[in-house]
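Secondary and tertiary structure notes
One letter stands for each residue in the lines below.
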Amino acid sequence: MQLAEENVFDLVVRKMTLEFFAPAKLDDMLQVHCRVKKIGTSSMTFEYVISRDEEVLVQAESIQVCFDSTAGKAKAIPKEIVDKISSFEGTALSVK
C-alpha cells in the first residue's frame, strides 16, 4: 500500500479473462492459486486457478499495468520490484 501511496508502484487492471468450469458451493473448501506469469516493461500478466480438491473450477488471467497516478499514464515497473518477483517466481517467469 505504501508503494502506491508514494506513487512508486501502483497496478491497475488493463484486461481480465475468466473461464468458469464448475460451480462452488457455500461450504466447499477451495484452493486459490495466483502467480505472476510474465513481466514486461510496464505490465505484468497474472494467472489464477480456483479448485476444489483436484477439480479446476475457474481459470483466469489478468494484465495489470504499473500506473503513474500523477502523470495519468503507464510507467516502467521499478527494477527492485521486478527482481523480487523474479526471485520469488523462479525460472518459470518470463521477463522482457
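Below is a short write-up of the structure. From a predicted model like this one, the values you see are computed outputs, not experimental measurements.

What follows covers the environment of Ser42. If you trace the backbone, Ser42 turns up in the loop between β2 (31–39) and β3 (43–52). Taking the relative accessible area as the measure of exposure, Ser42 reaches 23% and is therefore partly exposed. Counting along the chain gives 36 residues from Ser42 to Pro78, while the straight-line C-alpha distance between them is 8.8 Å. When sequence neighbours within four positions are dropped, the list of residues in contact with Ser42 reads Gln64, Val65, Cys66, Ala74, Lys75, Ala76 and Ile77.

Inspection of the entire model under this criterion finds eight salt bridges. Note that Arg52 is salt-bridged to Asp28, the shortest N-O span being 2.6 Å. Within this pair, whereas Arg52 is found in strand β3, its partner Asp28 is found in the loop between β1 (11–20) and β2, the two being separated by 24 residues in sequence. Owing to a relative accessible area of 18%, Arg52 belongs among the buried residues under this scheme. Lys37 serves as the salt-bridge partner of Glu61, at 3.3 Å between the closest nitrogen and oxygen. Taken together, the residues span a long stretch of sequence, with Glu61 in strand β4 (residues 55–68) and Lys37 in strand β2 at a distance of 24 residues.

What follows is about a nonpolar patch on the surface. There is a patch of nonpolar side chains on the surface, built from Val13, Met16, Leu18 and Phe20 and spanning about 440 Å² of accessible area. Structurally, Met16 is set in strand β1. Assessed through its relative accessible area of 42%, Met16 is described here as partly exposed.

If you trace the backbone, Leu11 turns up in strand β1. Taking the C-alpha atoms as reference points, Leu11 and Met44, separated by 33 residues in sequence, lie 8.9 Å from one another. Those residues in contact with Leu11 that sit more than four places away from it in its chain are Met44, Phe46, Gln64, Val65 and Cys66.

Now for unusual backbone geometry. Non-glycine residue Asp53 carries a positive phi angle of around 55°. Residue position: Asp53 is located in the loop between β3 and β4.

The rules behind these values
Residues numbered from 1 in each chain as written. Predicted model: local features only at pLDDT ≥ 70, side-chain atom pairs only at ≥ 80, totals over all residues. Heavy atoms only, no water. Helix = DSSP H or I, 4+ residues; strand = E, 2+ residues; numbered from the N terminus. Buried < 20%, exposed > 50% of the residue type's maximum accessible area, 1.4 Å probe, protein only. Contact = heavy atoms within 4.5 Å. Salt bridge = Lys/Arg side-chain N within 4 Å of Asp/Glu carboxyl O. Patch = residues over 30% accessible without salt bridge, like charges linked within 9 Å, V, L, I, M, F, W, Y side chains within 5 Å. Areas by Shrake-Rupley, 256 points an atom, 1.4 Å probe, with all protein chains shown as cover.

All we've got here are geometric facts, nothing functional implied.
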